[in-house]
Amino acid sequence: MLRVGVLAIQGDVREHINSLNSLNVAVQKVRSPEELKTVNALIIPGGESTTISMLAQRFGLLEPLRAFVKEGFAVYGSCAGMIMLADEILDGKADQETIGGLDITVRRNAFGRQVDSFETDIQIKDFQEPLRAVFIRAPWVERVGNNVEVLASFKTEKLEEHPVMVRQGSLLATAFHPELTKDNRVHEYFVQMAKSVSIVN
Amino acid sequence: MSNQNNSTGTPRVKQGMAEMLKGGVIMDVIDAKQARIAEDAGAVAVMALERVPADIRKDGGVARMSDPDMIDEIINTVSIPVMAKARIGHIVEAQVLQSLGVDYIDESEVLTPADEANHIDKRQFTVPFVCGATNLGEALRRINEGAAMIRSKGEAGTGNVVEAVRHMRTIRGDIARLQGMDKEELYTAAKNLQAPYELVAQVAQLGKLPVVLFTAGGIATPADAALMMQLGADGVFVGSGIFKSGDPAQRAKAIVEATTNFDDPSVIARVSRSLGEAMVGINIDTLPDSERFAGRGW
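An account of the accompanying structure is given in this report. (Residues numbered from 1 in each chain as written. Chains lettered and ligands numbered in written order. Predicted model: local features only at pLDDT ≥ 70, side-chain atom pairs only at ≥ 80, totals over all residues. Heavy atoms only, no water.)

Turning to the environment of B:Gln95, a few remarks are in order. All names here are of chain B. Relative to the assigned elements, Gln 95 resides in helix 5 (residues 91-100). Taking the relative accessible area as the measure of exposure, Gln 95 reaches 42% and is therefore partly exposed. Taking the C-alpha atoms as reference points, Gln 95 and Val 161, separated by 66 residues in sequence, lie 32 Å from one another. (Helix = DSSP H or I, 4+ residues; strand = E, 2+ residues; numbered from the N terminus. Buried < 20%, exposed > 50% of the residue type's maximum accessible area, 1.4 Å probe, protein only.)

This is how it looks when you write it as structure tokens:
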């Protein structure tokens, strides 16, 4: 049975839990390696990636999280969560560690400061209707590995196109925050994805 | 693929920024060096100001917005969000802070008020605002003016948590009372709270503020931070408590860990060991009314 954890070190944990609750799956907060053992899928919420990274190390969670990803459990990260899943980050804090696993390079705060934060409609692959995406001091993806599928991109005013939603196997990441809207199609997509991961069954 | 229809500064974008700070600690810093210590300790944001509240209290005089050079330097030093304070009602200080690219403005009673009747019309700004409140009515008036985040005021610069507790309990108690009311009673409640009916009805339905609620004013120890989290705060502002203590780096780290593990006494005990001296506190009942910041704001 699917039991989705939400990493509850810092950030908009409650919003992810609310999005999941409407999908009738078992949900649990994860703050320790012991709690991580009780779930078979995980969401890393939005928040401050430097704080989440540092506390994950101090709480002895970083290695268990890396193992969780390696074992093939489904993991979804939004914004700070995308940064935590990236193999490589730009404009991070000098010693900022990530969980990694997703073969992408992510630029932190790529869109600018809070005054540049915005919401917009984006088209996601295989979604019928556009989705209202909220970008808050958001990152974008600057490089994707061969096995990474780009599910949505955003074109900046300078007409540069950057991926903002990507998937590689059991890992999913968005630069935006679907949990801040009532539209839970991204969470639904993730739950379907997690159910299809063989390790759960 | 598409980028029509981009909107900055919407309520969702402003309030969403505060959601990302939840469970975190925002630290007052007066220079780049302190900002780095705060970031290294795991702060989710820093508040750039010229003097911490304890020094504003000690020095007296008019307390104003910080020097833009100092704010720039802090923005250039850390990668986490940078907040800064504007005086209550000082529209131009807020405009300046927005132009500097600060991520959140605190329209703060810790600075000397510029307007004794009106607060800033915060809806006119792209940058989001946080405001202090001592009770629900005050919180809802600020939200009505466009505040995207509320912090209970406490009594800044005292190292004494008693007022923070009073204000948080008052806000939560006011909300709990609304939840028990009939629809008819909510109109009267709105009148008594001096707040718009729509917001009052929304709070009664949600059982919480429609925006994130942090706590501030007098938090000096990891246990203080955890106490405020147990009382229902979404996160913590620490002002003088860190950099007026014996070992700021260690205390900052400890308060961050205690805030995350606010319901685990064994963690709070562990991080509370060997922190050196806490800031010397002030007993609130020895403070004359004229020196209380919490009464500022209308």
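What follows covers the nonpolar core. Soluble globular proteins: nonpolar side chains tend toward being buried together. Counting 140 residues, the largest nonpolar core has A:Ile124 and A:Phe176 as its most contacted members. Sort the elements by how many residues they give to this core and helix 7 (residues 162-179) of chain B lands first, with 6 residues. (Core = buried A, V, L, I, M, F, W, Y, C linked by side-chain atoms within 4.5 Å.)

Before going further, it helps to examine helix 5 of chain B. Count 3.6 residues to each turn of an α-helix, and residues three or four apart come out pointing the same way. Residues and elements named next belong to chain B. Of the residues making up helix 5, those classed as buried are Glu 93, Ala 94 and Leu 97. The buried residues of helix 5 occupy an angular sector of 100 degrees when projected down its axis, which confines them to one face. For helix 5, the elements touching its buried residues are helix 4 (68-77), strand 4 (82-87), strand 5 (104-108) and strand 6 (129-133). Once helix 5 ends, the next one or two residues include Gly 101, with phi positive near 85 degrees. (Arc of directions from axis to C-beta. Contact = heavy atoms within 4.5 Å.)

Right, let's talk about the pattern of salt bridges for a bit. Applying the stated criterion across every chain yields a total of 38 salt bridges over all chains. The partner of A:Arg108 in a salt bridge is A:Glu48, and the shortest N-O contact between them spans 2.8 Å. In this pair, A:Arg108 is assigned in the loop between strand 6 (102-107) and strand 7 (118-122) and A:Glu48 in the loop between strand 3 (41-44) and helix 3 (49-58), connecting sequence segments 60 residues apart. By relative accessible area, which is 2% here, A:Arg108 ends up buried. Its salt-bridge partner being B:Asp103, residue A:Arg113 comes within 2.6 Å of it at the nearest N-O pair. Taken together, the residues A:Arg113 in the loop between strand 6 and strand 7 and B:Asp103 in the loop between helix 5 and strand 5 connect one chain to another. (Salt bridge = Lys/Arg side-chain N within 4 Å of Asp/Glu carboxyl O.)

Below, the discussion takes up the packing of helix 8 (residues 183-193) of chain B against helix 9 (residues 197-206) of chain B. Residues and elements named next belong to chain B. The geometry of helix 8 relative to helix 9 is characterised by a closest axis approach of 9 Å and an angle of 115 degrees between their N-to-C directions. At the point where helix 8 passes helix 9, the crossing takes the right-handed sense. Contacts between helix 8 and helix 9 involve Leu 186, Tyr 187, Ala 189, Ala 190 and Leu 193 from the first element and Tyr 197, Val 200, Ala 201 and Ala 204 from the second. When grouped by side-chain class, the residues that make up the contact of helix 8 with helix 9 number 9 nonpolar, no polar and no charged. (Axes fitted to C-alpha atoms, helices over the stretch in contact; angles between N-to-C directions. Left-handed = near helix turned anticlockwise from the far one by under 90°. Nonpolar A, V, L, I, M, F, W, Y, C, P; charged D, E, K, R; others polar.)

For the rest of this paragraph, the subject is the interface of chain B and chain A. Listed per partner, the contact involves 47 residues of chain B and 46 residues of chain A. Across the chain B/chain A interface, buried area totals approximately 3,700 Å², and carbon plus sulfur atoms make up 49% of it. The interface formed by chain B and chain A holds 8 salt bridges in total. One salt bridge in this structure joins A:Lys93 and B:Asp40, with 2.8 Å as the shortest N-O distance. Counting only elements with at least two residues in the side of chain B that touches chain A, the list comes to strand 1 (7-8), helix 1 (11-19), helix 2 (32-41) and helix 12 (248-260) of chain B. Taken together, the residues of the side of chain B that touches chain A break down into 16 nonpolar, 19 polar and 12 charged. With 2 bridges joining them, strand 7 of chain A and strand 1 of chain B adopt antiparallel strand pairing. (Buried area = accessible area lost by both parts, 1.4 Å probe. Pairing = 2+ DSSP bridges.)

Residues and elements named next belong to chain A. Phi is positive for Asn 109, close to 50 degrees, though the residue is something other than glycine. By the element assignment, Asn 109 lies in the loop between strand 6 and strand 7. Overall, the relative accessible area of 22% leaves Asn 109 in the partly exposed class. For Arg 137, which is not glycine, the phi dihedral falls at a positive 40 degrees. If you trace the backbone, Arg 137 turns up in the loop between strand 8 (131-135) and strand 9 (140-144). Residue classification places Arg 137 among the buried residues on the basis of a relative accessible area of 7%.

Once that is clear, we can look at the sheet that holds strand 12 (residues 171-174) of chain A. All names here are of chain A. If you trace the 7 strands from one edge of the open sheet to the other, you get 2-1-3-4-12-11-10, paired in mixed fashion. Here the strands that pair on one side only, and so sit at the sheet edges, are strand 2 (26-30) and strand 10 (149-155). Neighbour-to-neighbour, the strand axes of this sheet turn through a mean angle of 20 degrees, independent of strand direction. For strand 3 and strand 4 (residues 74-78), the ladder comprises 4 bridges, and the chain directions are parallel. Residue pairing across strands places Ala 41 opposite Ala 74, the latter belonging to strand 4. Those strands touched by helix 6 (residues 185-196) are strand 1 (3-7), strand 3, strand 4, strand 10, strand 11 (161-168) and strand 12, and its axis lies near 160 degrees from that of strand 4.

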